[in-house]
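Chain by chain, the residues run as shown.
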Amino acid sequence: MRLATASKLTGATAEKGNLSWYYDPLPTNCVADWICAGGIGSGYPDFTYCPGPERGYKNLAVFYQACSFDCLFCQNWHYRLAATKQNWVSPMELVDAVDDRTSCICYFGGDPTPQLPHALRASRLALDKNKGRILRICWETNGSMHPASLKQAAKLSLDSGGCIKFDLKAWNEKLHIALCGISNKRTLENFSLLADYAKRRPVPPFLIASTLLVPGYIDEQEVSNIARFIASLDQNIPYALLAFHPDFLMTDLPTTSLQHAERCLTAAKEAGLCRVRLGNIHLLRNEYQDDWI
Ligand code: SF4
Ligand code: SF4
């Protein structure tokens, strides 16, 4: 049964967000860790404290307890349970958690989209309070927000050395609706909008795409179409292909196989992208031996 109502949130405003937060020591297991300022020192010295991985610093991970999608394979579905408990936090309370070893804030969840006014307010206050030192603003999102809000988020990331990580879950719209309960039109339009911003600050990369390789659904043809779309905007946009593990309403599927992942990796490169990588490789299994790699 789809839990559509559980993914909706009411009551959030710019002044109160339903969320939890924690510190994540750098370098962290982030979708962009292979390419970003905190992960490899990209953009040093303007946007990171170290020429390599930013050891000794931490990310403030902000987990918004709501989402605008309803994915069958949701790997963060616990937000649906947490949302019912409700943990209201003001932007200033979040800013108080930014100490002098915090070098980035990452908004995710769920998704920051339903509570974006709160995240924008908190980001501005945090940057204001930490003027004169590096504090990057990053987002991990399904990309379904209003473009006017996205432009505000993009400016904060662009100026601070942060990035926006977009999940491009499927190319085929019908497949996207079947898997995520919603069209991918807004996400693709928003991604195109951001590609222009990406050219303004190539280092560290501003825009990063990722796709979860769901067995039986997101195959090399889907990945090829997504990759060709990205390459048509900019061949240098980094693209991460992520191995799937069974979760939420898709517990009957296996993890992604090595063979499936390699076919998708090849398809993404053949589509013209220069920076493609496989993530979550510890999950890959050998489909011929039906065993872990
Ligand atoms: S929050 Fe941003 S800068 Fe920090 S590790 Fe993640 S992508 Fe890199
Ligand atoms: S967009 Fe992410 S958090 Fe939201 S339902 Fe889909 S997988 Fe879950």
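Up top is the structure these notes are about.
Starting from 1, residues in each chain are numbered consecutively following that chain's sequence as written. All chains are assigned letters beginning with A, and all ligands numbers beginning with 1, in the order in which they are written. Only residues with pLDDT of at least 70 get local features here, since the model is predicted, and only at 80 or more are side-chain atom pairs given and counted; chain-wide, interface and lining totals rely on the full set of residues. Heavy atoms throughout the structure, all of them, feed into the side-chain values; hydrogens and water do not.

Engineer: Got a sec to walk through the overall build of the protein? Specific residues and values, please.
Structural biologist: Runs of H or I in DSSP of at least four residues are treated as helices and runs of E of at least two as strands, each being numbered from the N terminus. Looking only at helices and strands, the protein has 9 helices and 11 strands in total. For the protein, the C-alpha radius of gyration of 18 Å lies close to 19 Å, the compact-globule estimate for 293 residues. With respect to the three principal axes, the spread of C-alpha positions in the protein is 55 × 40 × 35 Å. Only protein chains enter the accessibility calculation, which uses a 1.4 Å probe. A residue is then buried if its area is under 20% of the maximum for its type, exposed if over 50%, and partly exposed in between. In the protein, which comprises 293 residues, the share counted as buried stands at 58%. Of the roughly 12600 Å² of accessible surface on the protein, a fraction of 54% belongs to carbon and sulfur atoms. Lys and Arg are tallied as positive, Asp and Glu as negative. Neither His nor the chain termini are counted. Positions of charges follow a simple convention, taking NZ of Lys, CZ of Arg, CG of Asp or CD of Glu. Computed over 30 positive and 29 negative side-chain charges, the inter-centroid distance for the protein is 6 Å. Both definitions apply: the radius of gyration is a C-alpha atom measure, and the globule rule equals 2.2 Å times residues to the power 0.38. In these tables, accessible area is a Shrake-Rupley quantity obtained with a 1.4 Å probe, and a residue counts as shielded only by the protein chains included in the view.

Engineer: An account of the site of ligand 1 is needed here, citing residue identities and associated values.
Structural biologist: Not every one of the 13 residues close to ligand 1 is listed here, only the nearest: Cys30, Cys36, Cys104, Arg136 and Cys138. One can see that ligand 1 is located within the largest cavity. Elements supplying a minimum of two residues to the shell around ligand 1: strand E4 (102–109) and strand E5 (136–141). Across the shell around ligand 1, the residue classes break down as 8 nonpolar, 3 polar and 2 charged. We call a residue near a given molecule or strand whenever any one of its heavy atoms falls within 4 Å of it. Here a cavity denotes a set of grid points, spaced 1 Å apart and computed over the protein atoms alone, in which a 1.4 Å probe fits but from which it cannot get out, and a pocket denotes an open set meeting protein on both sides within 12 Å along at least five of seven lines; residues with an atom within 4 Å of a point are reported as lining. Throughout, a molecule is located in a cavity or pocket provided that more than half of its atoms lie within 2 Å of its grid points. Each residue gets one of three labels, nonpolar for Ala, Val, Leu, Ile, Met, Phe, Trp, Tyr, Cys and Pro, charged for Asp, Glu, Lys and Arg, and polar for the others, Gly among them.

Engineer: So what's going on with the site of ligand 2? Residues and values would help.
Structural biologist: Around ligand 2 sit Cys67, Phe69, Cys71, Cys74, Arg80, Gly110, Asn142 and Lys169, and that is every residue in its neighbourhood. Among the residues making up the shell around ligand 2, the classes are represented as 4 nonpolar, 2 polar and 2 charged.

Engineer: Help me get a handle on the nonpolar core, residues and values and all.
Structural biologist: With 91 residues, the main nonpolar core has Tyr107, Ile230, Tyr239 and Leu241 as its most contacted residues. Any pair of residues with heavy atoms lying within 4.5 Å of one another is described as a contacting pair. In this view, Leu241 contacts Thr211, Leu213, Val223, Cys264, Leu265, Ala268, Val276, Arg277, Leu278 and Gly279; residues no more than four positions away in its chain are not counted. Put simply, a nonpolar core is a bunch of buried Ala, Val, Leu, Ile, Met, Phe, Trp, Tyr and Cys residues held in one set by side-chain atoms that sit within 4.5 Å of each other.

Engineer: Talk me through helix H4 (residues 116–129); I want residue IDs and the actual numbers.
Structural biologist: Expected helix span is computed as 1.5 Å times (number of residues minus one). Spanning 14 residues, H4 covers 20 Å between terminal C-alpha atoms, matching the ideal 20 Å at 1.5 Å per step. When we look at burial in H4, the residues that qualify are Leu116, His118, Ala119, Leu120, Ala122, Ser123 and Ala126.

Engineer: Let's hear about the environment of Thr256: which residues, and what values?
Structural biologist: Summarising the element assignment, Thr256 is placed in the loop between strand E8 (239–243) and helix H9 (258–270). Through-space distance from the C-alpha of Thr256 to that of Leu284 is 5.5 Å; in sequence the pair is 28 residues apart. The contacts of Thr256, once residues within four sequence positions are left out, are Leu213, Pro215, Ala243, Phe244, Ala261, Leu283, Leu284 and Arg285. Among the polar contacts made by the side chain of Thr256, one reaches the main-chain carbonyl oxygen of Leu213 at a distance of 2.7 Å. Under this definition, polar contacts are N or O atom pairs within 3.5 Å; protein pairs additionally need one hydrogen-donor-capable and one acceptor-capable atom, and for neighbouring residues in sequence, both atoms have to be side-chain atoms. Among the polar contacts made by the side chain of Thr256, one reaches the main-chain amide nitrogen of Phe244 at a distance of 2.8 Å.

Engineer: If you had to explain the pairing of E4 to someone new, which residues and values would you point to?
Structural biologist: Across the 8 residues that make up E4, a large majority, 8, are buried. DSSP-based pairing: two strands are paired if at least 2 bridges between them are found. One ladder, built from 7 bridges, connects strand E2 (residues 58–64) with E4; its direction is parallel. Residue pairing in the sheet places Tyr64 in a bridge with Gly109 of E4. Sheet analysis places E4 next to E5, joined by 4 bridges and oriented parallel. The residue of E5 that forms the bridge with Ile105 is Ile137. Each parallel crossover has a hand, and the one from E4 via H4 to E5 is right-handed. Seen with its strands pointing away from the viewer, a crossover is right-handed if its path from the first strand over the helix to the second goes clockwise.

Engineer: Describe the environment of Ala66, with residues and values.
Structural biologist: Counting through the fold element by element, Ala66 comes out in the loop between E2 and helix H2 (79–85). Taking the relative accessible area as the measure of exposure, Ala66 reaches 1% and is therefore buried. Remark: the alpha-carbon pair of Ala66 and Trp77, spanning 11 residues in sequence, is separated by 9.6 Å.

Engineer: Outline the side chain of His118, listing residues and values.
Structural biologist: In this structure, His118 sits in helix H4. The buried category is assigned to His118, whose relative accessible area is 0%. Side chain to side chain, His118 and Tyr64 meet in a polar contact 2.7 Å long.

Engineer: Break down empty space enclosed by the protein for me, citing the residues and quoting the values.
Structural biologist: Grid points are joined across faces, edges and corners, and a volume is the space filled by probe spheres set on the points. Summed over the entire model, instances satisfying the criterion amount to 2 cavities of 30 Å³ or more. Estimates place the volume of the largest cavity at around 140 Å³. Surrounding the largest cavity, 20 residues form its lining, Cys30, Cys36, Gly38, Cys104 and Cys138 being those nearest its centre. Within the residue set of the lining of the largest cavity, elements represented by two or more residues are helix H1 (37–40), E4 and E5. In terms of residue count, H1 provides more of the lining of the largest cavity than any other element does, 3 residues in total. Partitioning the lining of the largest cavity into residue classes produces 11 nonpolar, 6 polar and 3 charged. In this structure, the second largest cavity occupies an estimated 30 Å³ of space. Lining the second largest cavity are Pro112, Leu116, Trp139, Thr141, Met145, Leu150, Ala153 and Ile164. Going through the elements one at a time, E5 and helix H5 (147–160) are the ones with two or more residues in the lining of the second largest cavity. In the lining of the second largest cavity, the residues fall into 7 nonpolar, 1 polar and no charged.

Keep in mind these values describe shape, not function.
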